Amino acid sequence: MASRSTSAPRRPAVREQTFVWEGRDRSGKIVRGEVRAASQALLQSSLRRQGIAVTRVRKRSYARGRKIKEKDIALFTRQLATMMKAGVPLLQSFDIVARGSSNAAVSRLFSEIRNDVETGTSLSQAFRKYPLYFDSLFCNLVNAGEQAGILDDLLDRLASYKEKMLAIKGKIKSALFYPISVMAVAVIVVAVIMLFVVPAFKEVFSNFGADLPAPTLMVIGASDFMVEHWYLIFGAVGGFFYFLMQAWRRSTKVQMLMDRLLLKLPIFGKVIEKATIARWLRTLSTMFAAGVPLVEALDSVGGASGNHVYLVATKKIQQEVAIGTSLTIAMQNSQAFPNMVLQMASIGEESGSLDAMLSKAADIFEREVDEAVESLSSLLEPMIMVVLGTVIGGLVVAMYLPIFKLGQVV
């Protein structure tokens, strides 16, 4: 007779909360603590078994706080590495970091990770519960440090990596912020001129009784079109950028297309390419130096580069390395890296110091990014001034041409 196997129904996961409690131990001494439990009743029962007479229990309340940024994670990593190198126990280090942060969201995050570690979860597994803040590279390096017993060294290396990545991103943002902000102001100024200033001049010109110059007629025609269809124009432009950003975020094809376009931009493309290669080299160097096997390290390198073109290239490199191809040959086949990087990778493989050579190559590219950003700042200012002067000055001249002609007639 066939037997029917029955499986016990799965119990729903119990959501634990953080409680702050106060009580007296067997000697009458006042004791306090903070612990996670499924309910207040279970907490009190557990404390009674420990011989503690609970006098007060309350849920730990957190303010909502600001959004957790990558800078917060980098600062936390540096603080944790420093305290562990100084011999401060892990749980106490988490307490110090959580209570020392001015951002309530950061304090709540680190308190929850600390409670997970206190219940026996490994640090890397506790980090993996929050993939929004700790990516696979971060978790893999922490896991490697735990396995090898060098967690403090790995955290120090990881903190340096985070700080360097933030520095590169900051330089790229600073290079792009100025021209984007100036062009945005220029668009607003042009829109105000076309919607409000030009119609006022049009009323004045209607009393001239003379033919207007061609530039003036063109500006008035564009102004009439904007005044009549402004809601369609702004709606179409806003909708275009909105759907472009959504497609960029969700569509792999659009990501590949946009990342390729970014690398081919006339002025900024070289800077973005150098910054991407620097991130790629720095990530691979950090993971390889931590003892992560090369094939596994390449899993995190492509995503850390921040460019889909290099993500695809990294997957191809990983496939070739997995079947025995040297890293240098695989990088050369991807056609995504300059000769200098290939030569340094080749020297590193031959000498057995691949991590050091990749780190030196990353230093070179980071230095080139610094120099490129400085030169861009001095180059863009006159270019932007020329563009703004041509556009806005052209509009002003076009509107004053009839007045100049009238003055000549008089």
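Numbering of residues begins from 1 in every chain and follows the order in which that chain's sequence is written. Local features are withheld for residues below a pLDDT of 70 in this predicted model, meaning they are given only at 70 or higher, and side-chain atom pairs are given and counted only at 80 or more; totals for whole chains, interfaces and linings count all residues. For side-chain calculations, the full set of non-hydrogen atoms in the structure is used, while hydrogens and water are omitted.

J.: Could you clarify how one ought to interpret the overall build of the protein in this entry?
T.: When helices and strands are tallied, the protein shows 15 helices and three strands. Relative to a compact globule of 410 residues, whose C-alpha radius of gyration would be 22 Å, the protein shows 31 Å and is clearly more extended. Its C-alpha atoms put the protein at 105 × 65 × 65 Å along the principal axes. Burial classes follow relative accessibility: with a 1.4 Å probe on protein chains only, a residue under 20% of its type's maximum area counts as buried, one over 50% as exposed, and anything between as partly exposed. Taking all 410 residues of the protein together, the buried fraction comes to 36%. Working rule for contacts: check all heavy atoms of both residues, and any pair within 4.5 Å makes them a contact. A separation threshold of at least 6 residues defines the contact pool for the protein, and within that pool the share at least 24 residues apart is 61%. The accessible surface values rely on the Shrake-Rupley method and a 1.4 Å probe; as for residues, cover is taken only from the protein chains in view. For the protein, the exposed surface amounts to about 24100 Å²; the carbon and sulfur share of it is 59%. Here Asp and Glu are counted as negative and Lys and Arg as positive; His is not counted, and neither are the chain ends. Just so you know, the charge point we use is NZ for Lys, CZ for Arg, CG for Asp and CD for Glu. Each charge sign in the protein was given a centre, from 48 positive and 35 negative side chains, and these centres are 10 Å apart. Starting at the N terminus, helices and strands are each numbered in turn, a helix being any DSSP run of H or I of at least four residues and a strand any DSSP run of E of at least two. With C-alpha atoms as the basis for the radius of gyration, the globule rule is written as 2.2 Å multiplied by the number of residues raised to the power 0.38.

J.: I would appreciate a short explanation of a nonpolar patch on the surface in the present structure.
T.: A cluster of nonpolar side chains, contributed by Ile188, Val192, Phe196 and Val197, occupies part of the molecular surface with about 380 Å² of accessible area. Here valine 192 is to be found in helix H7 (residues 151-205). In this structure valine 192 comes out as partly exposed when scored by relative accessible area, which is 40%. Residues enter a patch when their relative accessible area is above 30% and they make no salt bridge; the linking distance is 9 Å between like charges and 5 Å between nonpolar side chains (Val, Leu, Ile, Met, Phe, Trp, Tyr). By definition, a salt bridge exists where a carboxyl oxygen of Asp or Glu is found within 4 Å of a side-chain nitrogen of Lys or Arg.

J.: I tried to follow the pattern of salt bridges on my own but got confused; where do I start?
T.: Pairing is possible between side chains of opposite charge, provided their charged atoms come close. The final tally for this structure, using the stated rule, is 13 salt bridges. Between aspartate 116 and lysine 129 there is a salt bridge, and its shortest N-O distance comes to 3.7 Å. Of this pair, aspartate 116 sits in helix H4 (residues 104-118) while lysine 129 sits in the loop between helix H5 (123-128) and helix H6 (136-148), placing them 13 residues apart in sequence. Each member of the salt-bridge network shares a partner with another, and the members are Arg78, Asp156 and Glu163.

J.: What is the right way to read a positive patch on the surface from this model?
T.: A cluster of basic side chains, namely Arg66, Lys67, Lys69, Lys71 and Lys173, defines a positive patch on the protein surface. Tracing the backbone shows lysine 173 in helix H7.

J.: What is the right way to read the packing of aromatic side chains from this model?
T.: Given two aromatic rings, one states the distance between the centres and the angle between the planes to describe the pair. Aromatic rings from Phe, Tyr and Trp, with only the six-membered ring used for Trp, were paired whenever their centres fell within 6.5 Å, and each pair was classed as stacked if the ring planes differed by under 30 degrees, edge-to-face if by over 60, and tilted otherwise. With the rule as written, the count across this model stands at 13 aromatic pairs. Measuring from centroid to centroid gives 5.0 Å for phenylalanine 134 and phenylalanine 138, while their planes differ by 55°, and the two rings are tilted. Considering the side-chain rings of tyrosine 242 and phenylalanine 243, the 5.4 Å spacing of their centres and the 75° angle between planes classify their relative orientation as edge-to-face. Taking relative accessible area as the criterion, phenylalanine 243 reaches 58% and is therefore assigned exposed. Members of the aromatic cluster, joined through ring pairs, are Phe76, Phe94, Phe110, Phe127, Phe134 and Phe138.

J.: When you look at helix H11 (residues 294-305) in this model, what are you seeing that I'm missing?
T.: The α-helix advances 3.6 residues per turn, and as a result positions three or four apart in sequence lie on the same side. Any helix carries an expected span of 1.5 Å times its number of residues minus one. Its twelve residues place the ends of H11 16 Å apart at the C-alpha level, agreeing with the 16 Å of an ideal helix rising 1.5 Å per residue. Where H11 is concerned, the buried positions are Leu294, Ala297, Leu298, Ser300, Val301, Gly302 and Ser305. Those residues of H11 that are buried lie in contact with H6, helix H10 (269-289), helix H12 (308-322) and helix H13 (327-334). Of the residues trailing H11, glycine 306 is marked for its positive phi of about 80°.

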